[in-house]
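Summary of the model geometry
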Amino acid sequence: MLLRRRRCCSWGPLLLLLGAALCVFYQTLMSASNRLRSGPPPADVRGRKSPHDVTEKTRRVIYILESLQRNTEVCPSGRRRAVVLTGRHRASDTEVQLYQQVLQQLHYDVHTSRYTETSSVLQTNQGVSGWSLLLCLSSSEPSCLRRVSFSHLQRHQRVNLIPGLMDAFSDAGAGLCHMLTWSHLKGADLPLRPNSCGSTNQKLGMPEDSPSPVGAPPPGLVAMVNIYVLVTSVRPLTSFLHDIMVVATNQELRARPLKLRDFLRQKLGPASSHHALWQMKHVIGDVLQAAVSTNERTERVNRCVLCYQLLTFTLKFSGSITPVVVQVDTDLTFSALRDETFDGQVTKDLILEDTLHFLSHTHLSSETDRRQSLSQDGVCRGSDDLCLSEEEFLLLLQFQRQMSAPSAFHLLFPSSSSSSSSSSSRPLSISDHMVRISSYYNLLRNISSRSDDASSNQESDVSSLGGAAGKGRCGNPHLRQIYTDPPLTLTPPFSPGVKEYCAEVTFDTVTVRIRPVTFSPSCAVHLDEHRGPRMANYPVGLGNSRISILVTDDAEPEPVVMTIYTVHLARENRPSLPMFTDHVTCSFLQDCGLRVRPDRSCGLQTAVMSQRPRHICTSGHQPGRWVVPCLSCSDNRTCDWREVAWQPDGCDHRLVERRSLQGCMTDRKVLFIGDSTNRGMMYFLMERVNSSLEDWGQAHDTLVHRDLNAGQTLVSYSYYPQFWLEKEQRPTFREALLQLLHRSQPLVNSNLTVLVVGGVQWLNTNHLWTVSEVLDREGLSNSLVVVKTLGMGFHLPVDGIRSLSLREIQDLDRDNDNIIATAKHHGYEVIDTFSITMGRYKEFLQGRCACHFHEVEKFPSSRPPADTTSNRTTSNRTTSNRTTSTRTRLSSQSAVQDTEQEAEPDTFTYHVRGPVNQVYSEILLSRLCPAN
């Protein structure tokens, strides 16, 4: 009887096929057996004796399974259907994206839904047919357990849940406490020490280092370890360990993901590490067997042949190489990691990806004819020790494929200790076959961990997988995933072949942490530049930001850029509700999220509006607060933030119209010295005087503009401090000031010479004394000096720059008061930018320091900026509804409209935008040109 290949994509009765195969391949097996006897053994086992007595019968069983695999293959063109139930996970979550990408690579048609109740695929087919794989993410598990009838699943269908194990280990640690009460386990010496019975939220503590007797060797391990276990069958129990663990030791309490075998070898040495690994497997196996024995009846009813379950075992080592189990979770957990957001998600995705590939080695047809399947008694072939039911055959076929392929999973159970005696007269069980098959493939691979001379003294930190370059060339310069915190919804959805993405974040999202991961550890990843970090915390300013991800080959001394990915971030403005009805006026001094002045109120308060006439402010540091119209002062989402304005106490700053400003600035020279926040005020002044800004640059040296106001006004600028230079090479403040004065000559000793000095946080009272001494020596003591005080910034934890704590920011506020007092002592004008920026610190624009409240936009000169009308005009509603005087409160959205503005024929024109910068820059103009 000849074995003919069955109809494509048709499975047929498995046991009939097995019986036919045994008959057809009998002669082939005999000849193969003779060759195996007479010919040389495989190279990897030559000269070695199998510890598990790998007999010719085991070889013949493997040969049968391999032959049947070739004759029961699913058609290459046939696609299977996978259903992913996401629960509360968003479609943009990296876990959901991972499932979609990997399953599509494995030729699945992927369908996503939130729960079983909303899945059209499951509802249409009553959860019985029409799909091959059902993945229930953690938040959708209750829905799966309620709605999926595991007892009616077809042989080819797979679910990532095993109900019996879910029941046994429910509620994490409480599940172990419950297990100890089971009657059939009472008196059993199970390696269980639940951390806390009745309280599952208690943190797992590091075990104490037990003292060693005098002369005794040092303790084995003091550590808390997470081990990730994949159970692929309950009856018989079949499980695997992933080679990644998460470990916290008494020397390093924050956990790291490490390679299991490498960690044990490094801590214990080659010989003891083998024993520790055996003890670990034995402990986990005992607990799994106990859980299975209790749920055996339930598992027989809710039978799912190919279902699987991922578990997290938390083990405690207390100075010994024998651990105890303190917790079991029915999901992958990484809460002990130093950086749970990234290390946890990267490690989880890696294990999930390995799991899908590991299980994909079993390709079964979706057309099994259950009506024709043979009875559970199966067919026994005594000469070959084969006595398998259809289900057992499926499991053995799956197991053989998994053992024959390279994988990050290692067999946990069944083990050699659980195998039946080879001298027994009864046929071998499926577990016996599994042990023998695993031994056979382990010998063929010649596992390096079994050789003492192959040990390594270096721990393998898997948190760097895909992030740092490994040995060899970068052969696949693509990203596997881009991890962010908070999770970003990338458009288009991430795909390794797509190089450019956009994402939007809310107003309250001020930082984004990003970690790209490459496919190959031989490829490096750097952010923004060749030597940039592989992971960074970015400040996200209002408007648009850009993050460049460089995949490089670092094998050479100078990194070679292989691929560049770009992420464009758009941060929303503060949510605003237009006022179309009655409203109240609210005010605020500081945000409750950063309470700089603890003795003052924070957040929106009802503003008390005085009815008395308001006069023009006589100083630029008049105390004040922000005011904004709202429907309710208890909810900032009801405010019209387009109308927010700075309101000094008891007065108004004069808004200077352009004609008056041009006249006031005639024959004047305005010198700016300071950092980029001062430069923003300078460009604002230039645009207001000329009605447009034709020249702009992010200068970090000295600039002189002599053509302002039709050549009647000079503006110059010197950047200070030049922090990028070595300390001994940096010009002092005195040197920078003298250079600025000399470059701006000739100067007159009157208020026609204006010096504007200040910066975000470097300015102190000593600088003001230096200003006074230099001007006196240069004969410019009658010059007008304007001090721009400190400002908010450096308040975010951004990689690569210093960040200030709340206490340090409060200290900065006191320093600001001292600067104001010293400036007044010298008779200088003051613009208190610290008070103005304090309440709106979240409204920074681009820049790593989060201290910039302005940016310059570039436009073709043939047209004015698109937002000229809205961004360059004081709100008409503000002016008409509140006051008709030009001494109105300063709207932070606009300056005075210049009706005479003309388009210039140059190639480009520029516009300084930024409502907060606009407020204190207008105050500067009001102090340069006070009312007569």
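For the structure itself, look to the data block above.
Below is a summary of the structure that appears in this document. All values derive from a computational prediction rather than experimental measurement. (Residues numbered from 1 in each chain as written. Predicted model: local features only at pLDDT ≥ 70, side-chain atom pairs only at ≥ 80, totals over all residues. Heavy atoms only, no water.)

Looking at the packing of helix α16 (residues 676-690) against helix α23 (residues 915-928)
Contact pair α16 / α23: the axes reach a minimum separation of 10 Å and the direction vectors enclose 65°. Accordingly, the angle class assigned to the pair α16 and α23 is roughly perpendicular. For the pair α16 and α23, the sense of crossing is right-handed. Residues T677, G680, M681, F684, L685 and R688 of α16 form the contact with α23, whose own contacting residues are N917, Q918, Y920, S921, E922, L924, L925 and L928. Looking at the contact of α16 with α23 residue by residue, the class counts come to seven nonpolar, five polar and two charged. (Axes fitted to C-alpha atoms, helices over the stretch in contact; angles between N-to-C directions. Helix = DSSP H or I, 4+ residues; strand = E, 2+ residues; numbered from the N terminus. Parallel < 35°, antiparallel > 145°, perpendicular 65-115°, else oblique. Left-handed = near helix turned anticlockwise from the far one by under 90°. Contact = heavy atoms within 4.5 Å. Nonpolar A, V, L, I, M, F, W, Y, C, P; charged D, E, K, R; others polar.)

Digging into the environment of L98
As for its placement among the helices and strands, L98 is situated in helix α4 (residues 94-105). Since its relative accessible area comes to 6%, L98 is described here as buried. The spatial distance from the C-alpha of L98 to the C-alpha of Q481 is 8.3 Å, given a sequence separation of 383 residues. Excluding anything up to four places from it in sequence, L98 contacts D349, L352 and E353. (Buried < 20%, exposed > 50% of the residue type's maximum accessible area, 1.4 Å probe, protein only.)

Examining the state of the cysteines
Summed over all chains, the structure comprises eight disulfides. Two residues share a disulfide in this structure: C617 and C651, whose sulfurs sit 1.9 Å from each other. Across the S-S bond linking C617 and C651, the dihedral sits near 90°, which makes this disulfide right-handed. One end of the pair, C617, is in the loop between β22 (615-616) and β23 (624-630); the other, C651, is in strand β25 (residues 651-652), with 34 residues separating them in the sequence. Between the sulfur atoms of C630 and its disulfide mate C639 the distance is 1.9 Å. (Disulfide = S-S within 2.5 Å.)

Examining the pattern of salt bridges
Here the structure, examined in full by the defined rule, presents 24 salt bridges. The partner of E773 in a salt bridge is R734, and the shortest N-O contact between them spans 3.1 Å. With E773 in helix α18 (residues 765-777) and R734 in helix α17 (residues 733-743), this pair connects stretches of sequence that are 39 residues apart. R840 serves as the salt-bridge partner of E843, at 2.6 Å between the closest nitrogen and oxygen. Accessibility expressed as a relative area gives 8% for E843, which makes it buried. A residue is classified by how much of its surface remains accessible, and R840, at 2% relative accessible area, is buried. Sharing partners across several salt bridges, the network here consists of E117, R146 and R147. (Salt bridge = Lys/Arg side-chain N within 4 Å of Asp/Glu carboxyl O.)

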